[in-house]
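# Structural overview for review
Residues per chain are reported as follows:
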Amino acid sequence: MSTSPLAETLVALVDALSAPPGTGIVVERAALDVPLEGRVDRIGGRLVFSASLPHTRWQSGFLPPVHVAHLEVGDDR
Amino acid sequence: MTGEGGFLVEDFLDAVSAQLDRTQDALAAKAKVRPLMFALRTFAVDLQVFVTMDADGNVRLRSAAPGESGASTLKVDFTTITRPMVEENTVSLAMAQAPSLRDAGLDSQQQRALERVGVHNVAQLQALRASGAGVDGIARLTEGLVPADRLRAALRAGRPEIFHVAPVPPAPPLPAPAAAAPEAPLLVPPGTQRLQLVGRNLLAAGTAPTVTLAGQPLETSAADDDGLIVHLPPGRRAGALEIDLGDGDPVVYHLGIDDGNGRVAESWTPEAAS
């Protein structure tokens, strides 16, 4: 299974925080504890950290280890 | 994660911070078209890794593979900091431009011995010596791996030097003595307002050398590791041009006005450099 660069995963997580339009709800701050399946690849001589959400909640001996990440975002204004 | 050999901690941190920069850039771009936007304030991750040390003494990480047990947990926290905090915690550009320990002729074992006490280049070695540790003290800190005579040689290799001084803009080619060695007369055309000083390691101490003309400090308009531009004061174009490189042994030029025939039009009596 392919893994996205960490930046893409984080942006997707932040995008998911938006309340549905028309509800009048505004999310100003959020904190997330999420498991990430991460790997570091050497691409073009540099390390690139890729991390995606696990594709299953089951644990087994042949899945990549899960790294727990804590993420806090806030209104940028 | 990467396979054999693992990766250095600093390379890993660099990889994560590059991804966080990309995240912030993407979020900032979205803020241009959306009324409410988020910024990433904190990111922390618990990594399951195996920690090893290679033959060079570098700590390396290797991520746990599927099914591997007994991994260590490396907790890494990233947070947003302000520009002043970055500047406070970052080695100055001048310090970073200083000659490396390898450039100064130290072998890899000696480099590692110095790096263990926080010295990564000659400027930091000079700063440690100037802090009161002294060359012999530094040699003891390295448990004798870097003898005092090697440290002195490295310090000599990285000390600031002035090669020559010339008027700005460059005058038509003058006779050889114009690109004067210290203590030789340095003749500049009438009306010269600025001097260019060419050398190396001029910012090694973190600040530009002090330049005086007949005891009067000259304003520095540009400074980098290889050269300085200084302004001559109005009405004064001759005298002892003294360049203090911070080593207690100032370089002195005898600055005079060229009368057009290679002679000094404005006389000057040199003073002994202190």
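Here, every reference points to the structure presented above.
Residues numbered from 1 in each chain as written. Chains lettered and ligands numbered in written order. Predicted model: local features only at pLDDT ≥ 70, side-chain atom pairs only at ≥ 80, totals over all residues. Heavy atoms only, no water.

Within chain A, the secondary structure is distributed over 1 helix and 3 strands. Beginning at the N terminus, the succession of helices and strands in chain A can be written as α-β-β-β. Put simply, chain A has 77 residues, and 38% of those count as buried. Pairs at least 24 apart in sequence give 62% of the contacts found in chain A among residues at least 6 apart. For chain A, the computed accessible surface area is about 4,600 Å², with 55% contributed by carbon and sulfur atoms. (Helix = DSSP H or I, 4+ residues; strand = E, 2+ residues; numbered from the N terminus. Buried < 20%, exposed > 50% of the residue type's maximum accessible area, 1.4 Å probe, protein only. Contact = heavy atoms within 4.5 Å. Areas by Shrake-Rupley, 256 points an atom, 1.4 Å probe, with all protein chains shown as cover.)

This part takes up helix α5 (residues 122–141) of chain B. All names here are of chain B. Across its 20 residues, α5 extends only 16 Å between first and last C-alpha, which sits more than 12% below the 28 Å expected from 1.5 Å per residue. Roughly 110 degrees is the biggest bend found in α5, and it falls at Gly132. All of the buried residues in α5 are Val122, Ala123, Gln124, Leu125, Gln126, Val135, Gly137, Ile138 and Ala139. N-cap assignment for α5: the residue whose side-chain oxygen lies 3.2 Å from the backbone N of Ala123 is Asn121. Positive backbone phi, approximately 55 degrees, marks Glu143, located one or two places after α5. (Expected span 1.5 Å × (residues − 1). Bend = angle between axes of the 7 residues up to and from the residue. Polar contact = N/O pair within 3.5 Å; in protein donor to acceptor, adjacent residues only side chain to side chain.)

Right, let's get into the environment of Ala30(A). Residues and elements named next belong to chain A. Tracing the backbone through its elements, the reader meets Ala30 in strand β1 (residues 29–43). Linking Ala30 and Glu72, residues 42 residues apart in sequence, is a C-alpha distance of 5.7 Å. Residues within four places of Ala30 in sequence aside, it is in contact with Leu17, Leu71, Glu72 and Val73.

Residues and elements named next belong to chain B. As summarised here, the arrangement of the 5 strands in space is β6-β13-β12-β8-β9, forming an open sheet in which the pairing is mixed. Of all the strands in the sheet, just β6 (185–188) and β9 (216–217) have a single pairing partner and so form its edges. Across 4 bridges, the pairing between strand β8 (residues 210–213) and strand β12 (residues 239–244) is antiparallel. Within β12, the position partnered with Thr210 by the bridge is Asp244. (Pairing = 2+ DSSP bridges.)

Helix-helix packing is characterised by the crossing angle of the two axes and by the distance between the axes. Residues and elements named next belong to chain B. Running from N to C, α5 and helix α6 (residues 148–158) point in directions that differ by 155 degrees, and their axes come no closer than 11 Å. Of the possible angle classes, the one that applies to α5 and α6 is roughly antiparallel. Note that α5 runs across α6; the crossing there is left-handed. Between α5, through Val122, Leu125, Gln126, Arg129, Val135, Asp136, Ile138 and Ala139, and α6, the contact on the second element is made entirely by Ala148, Leu151, Arg152, Ala154, Leu155 and Gly158. (Axes fitted to C-alpha atoms, helices over the stretch in contact; angles between N-to-C directions. Parallel < 35°, antiparallel > 145°, perpendicular 65-115°, else oblique. Left-handed = near helix turned anticlockwise from the far one by under 90°.)

The subject of this paragraph is the pattern of salt bridges. Summed over the entire model, instances satisfying the criterion amount to 6 salt bridges over all chains. For Asp14(B), the salt bridge goes to Arg46(A), with nearest N and O atoms at 3.6 Å. Of this pair, Asp14(B) sits in helix α1 (residues 9–31) while Arg46(A) sits in strand β2 (residues 46–52), on two different chains. Judged by relative accessible area, Asp14(B) falls into the partly exposed class, the value being 39%. (Salt bridge = Lys/Arg side-chain N within 4 Å of Asp/Glu carboxyl O.)

For soluble globular proteins, nonpolar side chains are generally found buried alongside one another. Of all hydrophobic cores here, the largest spans 31 residues; its most connected members are Leu6(A), Phe49(A) and Phe43(B). When contributions to this core are tallied by element, the ones reaching two or more residues are α1 (6–15), β1, β2 and β3 (66–75) of chain A together with α1, β2 (38–53) and β4 (72–79) of chain B. With 6 residues, the single largest contributor to this core is β2(B). Those residues within four positions of Leu6(A) in sequence are excluded, and the remaining contacts are Leu36(A), Phe49(A), Ser50(A), Ala51(A), Val16(B), Gln19(B), Leu20(B) and Phe43(B). Leu202(B), Leu232(B), Leu241(B) and Tyr253(B) belong to the second-largest nonpolar core, a separate cluster that totals 20 residues. (Core = buried A, V, L, I, M, F, W, Y, C linked by side-chain atoms within 4.5 Å.)

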